[in-house]
Number of protein chains: 2
Amino acid sequence: MACQRTQDLANFVFEGKKIIGVALNYMCAVKARNVPVPTVPIVFIKPTTSYLREGHPIVLPKVFTKVAYEVELGVVIGTRCKNVSKEKAMEFVGGYCLALDLTAQCNLTAARAAGGSWTLGKGFDTATPVSRFIPKDAIEDPHMLPLWLKVNGEIKQKGCTADLVFKVPDIISYVSKYMTLEPNDLLLTGTPHGSDAFQAGDLIECGLADLATMKFNVCAE
Amino acid sequence: MACQRTQDLANFVFEGKKIIGVALNYMCAVKARNVPVPTVPIVFIKPTTSYLREGHPIVLPKVFTKVAYEVELGVVIGTRCKNVSKEKAMEFVGGYCLALDLTAQCNLTAARAAGGSWTLGKGFDTATPVSRFIPKDAIEDPHMLPLWLKVNGEIKQKGCTADLVFKVPDIISYVSKYMTLEPNDLLLTGTPHGSDAFQAGDLIECGLADLATMKFNVCAE
Ligand SMILES: [Mg+2]
Ligand SMILES: [Mg+2]
Ligand SMILES: [Mg+2]
């Protein structure tokens, strides 16, 4: 049964129906930006058409002028749930992945200033590169994982999930007050300090502990 | 083949992976609110876990104090597409439905004021009641459809899709510049003037021309 479930979740990119992200969720990023620590998770949604697997390039939409990298721990939901307590939340995790939450800051900054939606700035095609599925059993503690990102060989982000403002159970508990989480849904837990713009021609590499690395070429649309 | 496709799309509620809404898309609503006419569609995304079919109640989440009805024409995508011209856009429509785009105005108003995401205010469970699938052939012109909504028998919204600021091809063309549209994706085209709060115990009824009616009881979580 456990084998069967893990096998199924390995296809989360094809089977999943939603991606829920959390913004401003690393203490290092909160401090660097000198903003108040969020009191609840700042939640947004991305379409599954934004998924990208290794071997295909990140395509920068011609409508955008500034797109930024954000390296993140992804959490794949294993079991349908709603209104879950923090205490029980980890039971509904099926596994993990390494992810990028690419963000068109040009669009998002303008949208936020006008009270607009984050959808286009977060949801464009190729905006969510992900690694292979990492089974739950492979990670003893998801809040002790180093993660890093390089652009053209130069280190740009270096953090640890110990620095998360809202931990995995906090996020699952909070989001599931509002919406049902389904198997193969992905949670993006936020990015450490250092997120910045990249451009066509760049090579982006990132890693999560000794569990996953991935690299993507960037091209213009 | 056409039969096969329509058959498939009848299950858009179960097979679809995204719901894309357009805000402030009726001229009557723009005029009533005395705001500028949008120059591009104001696009947001809802998860498919927000779908609701007739026979089940709308459940008002206990975390919200003000949830509003919005009656809308839904457009079901029939064929995968990206970067579609307005001229070709209707080729990618597979059919339609009558829909409600329920909105937690308490949450959305606060989010917008703070530059926050629309996700929770638009994406809660039962926030997207929909009718049965209406095949494309049943509607000669999607921009000539009256739609209405009653609360407890009293008419609250009455409009016509002729009043859309951005027509169906405009929406498909615009959204598909950013993200791929897939078969069974749903587009919510916006709501006419008159959207307002409702509460537990209410009965909501709505209709689209002589093509669909639906009714939902409202209960508290
Ligand atoms: Mg992020
Ligand atoms: Mg949003
Ligand atoms: Mg609406």
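Residues numbered from 1 in each chain as written. Chains lettered and ligands numbered in written order. Predicted model: local features only at pLDDT ≥ 70, side-chain atom pairs only at ≥ 80, totals over all residues. Heavy atoms only, no water.

- Looking up chain A in an unreviewed UniProt entry gives the name oxaloacetate tautomerase, with the organism given as Drosophila hydei.
- What UniProt records for chain A under Catalytic activity (unreviewed entry) is the sentence "oxaloacetate = enol-oxaloacetate".
- Reading the Sequence similarities (unreviewed entry) entry of the UniProt record for chain A gives the comment "Belongs to the FAH family." (UniProt positions renumbered as here; feature names shortened; annotations may be inferred.)

## Concerning the relation of the copies chain B and chain A
And then number 1: Expressed as a screw transformation, the operator carrying chain B onto chain A has a rotation angle of 180° and an axial translation of 0.0 Å, and the superposed copies differ by an RMSD of 0.0 Å. Such a turn and shift between the copies fits a two-fold axis.
And then number 2: Looking at the interface residues of chain B, 100% of them are also at the interface in chain A, so both copies use one shared face. (Least-squares fit on C-alpha atoms with pLDDT ≥ 70 in both. Contact = heavy atoms within 4.5 Å.)

## Points about the interface of chain B and chain A
And then number 1: Counting residues at the interface gives 34 residues for chain B, matched by 34 residues for chain A.
And then number 2: Of the roughly 3000 Å² buried between chain B and chain A on both sides combined, carbon and sulfur atoms contribute 57%.
And then number 3: Looking only at chain B, the three residues that lose the most surface to chain A are K17, L120 and Y178 of chain B, adding up to 23% of its buried area.
And then number 4: Linking chain B with chain A are two salt bridges, by the criterion used here.
And then number 5: D125 of chain B serves as the salt-bridge partner of K82 of chain A, at 3.1 Å between the closest nitrogen and oxygen.
And then number 6: At the boundary of chain B with chain A, the tally comes to 22 residue pairs in polar contact (both at pLDDT 80 or more).
And then number 7: Among the elements that line the side of chain B that touches chain A, the one with the most residues is strand β2 (residues 42–46) of chain B, at four residues. (Buried area = accessible area lost by both parts, 1.4 Å probe. Salt bridge = Lys/Arg side-chain N within 4 Å of Asp/Glu carboxyl O. Polar contact = N/O pair within 3.5 Å; in protein donor to acceptor, adjacent residues only side chain to side chain. Helix = DSSP H or I, 4+ residues; strand = E, 2+ residues; numbered from the N terminus.)

## What about the packing of aromatic side chains?
And then number 1: Applying the stated rule across the entire model yields 14 aromatic pairs over all chains.
And then number 2: An angle of 40° between the planes, with centres 5.6 Å apart, marks the rings of F44 of chain A and W118 of chain A as tilted. One end of the pair, F44 of chain A, is in strand β2 (residues 42–46); the other, W118 of chain A, is in the loop between α4 (105–113) and α5 (119–123), with 74 residues separating them in the sequence.
And then number 3: A ring pair is formed by F12 of chain B and Y51 of chain B, whose centres lie 5.9 Å apart and whose planes are at 85°; its orientation type is edge-to-face. With F12 of chain B in helix α2 (residues 12–15) and Y51 of chain B in strand β3 (residues 51–53), the pair connects residues that are 39 residues apart, well separated along the chain.
And then number 4: Overall, F12 of chain B belongs to the buried group, its relative accessible area being 0%.
And then number 5: For Y51 of chain B, a relative accessible area of 10% corresponds to the buried category. (Phe/Tyr/Trp six-rings, centres within 6.5 Å; stacked < 30°, edge-to-face > 60°. Buried < 20%, exposed > 50% of the residue type's maximum accessible area, 1.4 Å probe, protein only.)

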